Every structure is written in C-alpha cells, then in structure tokens.
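What the coordinates show
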Amino acid sequence: MKKQHVIIKSIRHITHDVLQIDVEKPKQFRFVPGQATEISIDKEGWQNEKRPFTFTSLPHEDYLQFIIKTYPSHKGVTNELLKLKKNDELILHGVFGAIAYRKEGLFIAGGAGVTPFIAILRYLRSKNKIGGNKLIFANRTKDDIILKSEINKLLGRNFINILSDEKVRGYSHGFITEGCLKANMTEVHKNIYVCGPPPMMDAIEKFLANLHVDKKTIVKEAF
Ligand SMILES: Cc1cc2nc3c(=O)[nH]c(=O)nc-3n(C[C@H](O)[C@H](O)[C@H](O)COP(=O)(O)OP(=O)(O)OC[C@H]3O[C@@H](n4cnc5c(N)ncnc54)[C@H](O)[C@@H]3O)c2cc1C
C-alpha cells in the first residue's frame, strides 16, 4: 500500500495516558479486525518515524480509530501525538498484523495489548457473536484499564481484571499466573489469543506450555 495522508477528526484522552484518535478513512481502505498499520506524523522531522498501531474502528465504519498509550519519557512518536489537535495530519504506511479471530477463545492482554481484542470484540458484538469469549486483562492500576465500561458491557462476567500495583476491592491483585489461566480456561476456549509486552508474553507462553495447550491454538503478537 502506498502511504496515505489522513486528517485527524478528533483526538482526546480516554485514560490518563491513553489517546483515542479518529481519522478520516481513505477510499477503498481495507483491513480486518485485529490488524495494524504503521503511522507517522506529518510534521517536519517526524514523517519517517513510523510506529505500529492497531485499528479499533470496524472495517465498515467511515473513519479509522486508534487507541494509543503514550510514553512521554521515550521522547518518541507517542509523545509527539500528545501535541496534535483536530485537523493535523498523520501518515499511514501499510496494513499488517498477526492477530485475527478464529473461533471462541480466551483473550489475554496486558495494557495497550488489548487494542486488537477491542477491535475483534466490537466486531463480534456487531455480528451478535460474542458467545463465551473471555478476556483476562492485566494492568498496573484501575485507572490504567482502557475502555473498562465498554468491555464490561461486552463481556460481563467474562471480563477478568488483574492489577499488579494496586489492591482494589473486586479486582484480583498481582500478575497473571498459571493457576489463573487454568481456572479461566474451559471447553469453550479452544483458541488462546495473547497480546502484551514481551515479558508478559514469555510468562504466558510458558504457563500455556505447562498446561499442555497446543501451540497451534495460540494467536499472539508482542507489543
Ligand atoms: C503490531 C503492533 C500493533 C500495536 N498497536 C498498538 C496500539 O494499538 N496501541 C498502542 O498503544 N500501542 C500499540 N503498539 C505498541 C506501539 O507501537 C509502541 O508503544 C510505540 O511504537 C511506542 O512508540 P514511541 O515512539 O512513543 O516510543 P518507542 O519507539 O518505544 O521509543 C522511542 C525511543 O525511546 C527510547 N526508549 C525506549 N524504551 C524506553 C524506556 N522504557 N524509557 C525511556 N526511553 C525509552 C528508545 O531510545 C527509543 O528509540 C503496537 C505494537 C505492535 C508491534
């Protein structure tokens, strides 16, 4: 795909460090829920600084949406995104991604690793096919949980939150453990979808191997 310039329609914080950015959708633009694109900022010195971000809007919608955790300390692209406003321009460089929905399963996300699952769950809701899908979502604190109330509505009791840095009533405390995975996997969960930072991914893959989960049933992407 050749690069495409798109205008920002809206940009706002949805948590203390996460932006939701809606941009115009180029004509004939195609992707499947779970896929990502490389984005750069159309501003001097930043046009060639590309970073991958996942579409959280649905393919049939007439805009593209991204949900982006920002890291001011990296002084990189996400820090620059914090300075943008409506009508500024981004550049999209191609569509790719390892995560695509197969069948019902257990989704395991850490932080911004939830974005491909947001796209997939929104897509399943649009088709009335949420079924027994379940999400285990690991974050540092309650305030870091992205789209908590929307995911609650989508999944109800199948939305499990774990907080590592905060003890809060009604939330599990600590990291995702082998026991936690075992307790949350049932007959329905024939596919396992994992997305998050590399150390979390390594730990989860080890646990899944210990639980004799067939590697072929695991769909994963490190953020
Ligand atoms: C397929 C895919 C899809 C993704 N989708 C999303 C998404 O939808 N939403 C989302 O939020 N994220 C997503 N990510 C992650 C996202 O791409 C990164 O968070 C983003 O690239 C960070 O860009 P950055 O320029 O701000 O910082 P970086 O590129 O991480 O860092 C810029 C520079 O800062 C320095 N640096 C790196 N780490 C640190 C550190 N810990 N402390 C200080 N300095 C540091 C380095 O010198 C580095 O070159 C996705 C990743 C992949 C692989």
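About the thresholds
Residues numbered from 1 in each chain as written. Predicted model: local features only at pLDDT ≥ 70, side-chain atom pairs only at ≥ 80, totals over all residues. Helix = DSSP H or I, 4+ residues; strand = E, 2+ residues; numbered from the N terminus. Rg over C-alpha atoms; globule rule 2.2 N^0.38 Å. Buried ≥ 20, exposed ≤ 12 C-beta atoms within 10 Å, placed from the backbone. Contact = placed C-beta atoms within 7 Å. Near = placed C-beta within 6 Å. Nonpolar A, V, L, I, M, F, W, Y, C, P; charged D, E, K, R; others polar. Domains from an automatic or database assignment. Expected span 1.5 Å × (residues − 1). Pairing = 2+ DSSP bridges. Axes fitted to C-alpha atoms, helices over the stretch in contact; angles between N-to-C directions. Core = buried A, V, L, I, M, F, W, Y, C linked by C-beta atoms within 7 Å.

Okay, the overall build of the chain next. In terms of helices and strands, the chain carries five helices and twelve strands. Relative to the 2.2 N^0.38 estimate, which gives 17 Å for 223 residues, the radius of gyration of the chain is 17 Å and therefore close to what a compact globule would have. Taking the principal axes of the C-alpha coordinates as reference, the chain spans close to 50 × 35 × 30 Å. Each of the 223 residues in the chain was classed as buried or not, and the buried ones make up 31%. In the chain, 70% of the contacts between residues at least 6 apart in sequence involve partners at least 24 apart.

Turning to the site of the ligand, a few remarks are in order. In the vicinity of the ligand there are 21 residues, among which Arg 51, His 74, Gly 76, Thr 78 and Ala 112 approach most closely. Residue assignment for the shell around the ligand shows that the elements contributing at least two residues are strand 4 (51-54), strand 5 (63-69) and helix 1 (77-81). Residues belonging to the shell around the ligand are distributed by class as follows: ten nonpolar, eight polar and three charged. Residue assignment places the shell around the ligand across two domains, with domain 1 (4-96) and domain 2 (105-222) each supplying three or more.

End to end, helix 2 (residues 115-126) covers 17 Å across twelve residues, agreeing with the expected 16 Å (1.5 Å per residue, within 8%). Among the residues making up helix 2, those that are buried are Thr 115, Pro 116, Phe 117, Ile 118, Ala 119, Ile 120 and Leu 121.

Right, let's get into the sheet that holds strand 7 (residues 105-110). Within the open sheet, the six strands sit side by side as 10-9-8-7-11-12. Their pairing is parallel. Bordering the open sheet on either side are strand 10 (172-173) and strand 12 (218-222), each of which pairs with just one other strand. In the sheet, strand 8 (residues 134-139) pairs with strand 9 (residues 159-163) via five bridges, with the strands oriented parallel. Across the sheet, residue Leu 135 finds its bridge partner in strand 9, namely Phe 159. Contacts from helix 2 reach strand 7, strand 8, strand 11 (191-196) and strand 12 within the one sheet, and its direction differs from that of strand 11 by about 135 degrees.

A few words on the environment of Asn 128. Considering the arrangement of structural elements, one finds Asn 128 in the loop between helix 2 and strand 8. Along the sequence, Asn 128 and Val 213 sit 85 residues apart, while their C-alpha atoms lie 28 Å from each other.

With that settled, consider the pairing of strand 1 (residues 4-13). The sheet contact formed by strand 1 and strand 6 (residues 89-96) spans four bridges and is antiparallel. When the sheet's bridge partners are listed, Gln 4 is paired in strand 6 with Leu 92. Sheet topology places strand 1 next to strand 2 (residues 18-24); five bridges connect them, and they run antiparallel. Opposite Ile 8, over in strand 2, you have Val 23 as the bridge partner. The antiparallel hairpin formed by strand 1 and strand 2 contains four residues in its connecting segment.

A few words on the sheet that holds strand 6. Strand order in the open sheet formed by six strands is 4-3-6-1-2-5, with antiparallel pairing between adjacent strands. Edge positions in the open sheet fall to strand 4 and strand 5, since each of these has one partner strand only. On average, each strand axis in the sheet is inclined to that of its neighbour by 40 degrees, with strand direction left out of account.

Positionally, Glu 49 belongs in the loop between strand 3 (36-41) and strand 4. A residue is classified by how many C-beta atoms lie within 10 Å of it, and Glu 49, with 14 of them, is partly exposed. What Glu 49 contacts, discounting residues up to four positions off in sequence, is Ser 40 and Val 77.

The next thing to look at is the nonpolar core. Within the largest apolar cluster, 49 residues are counted, with the highest numbers of intra-cluster contacts made by Ile 108, Ala 109, Phe 117, Leu 135, Ile 136, Phe 137 and Tyr 193. With five residues, the top contributor of residues to this core is helix 2. Among the domains, domain 1 (4-96) and domain 2 (105-222) are the pair contributing at least three residues each to this core. Other than its neighbours up to four places away in sequence, Phe 137 contacts Ala 109, Val 114, Ile 145, Ile 160 and Asn 161.

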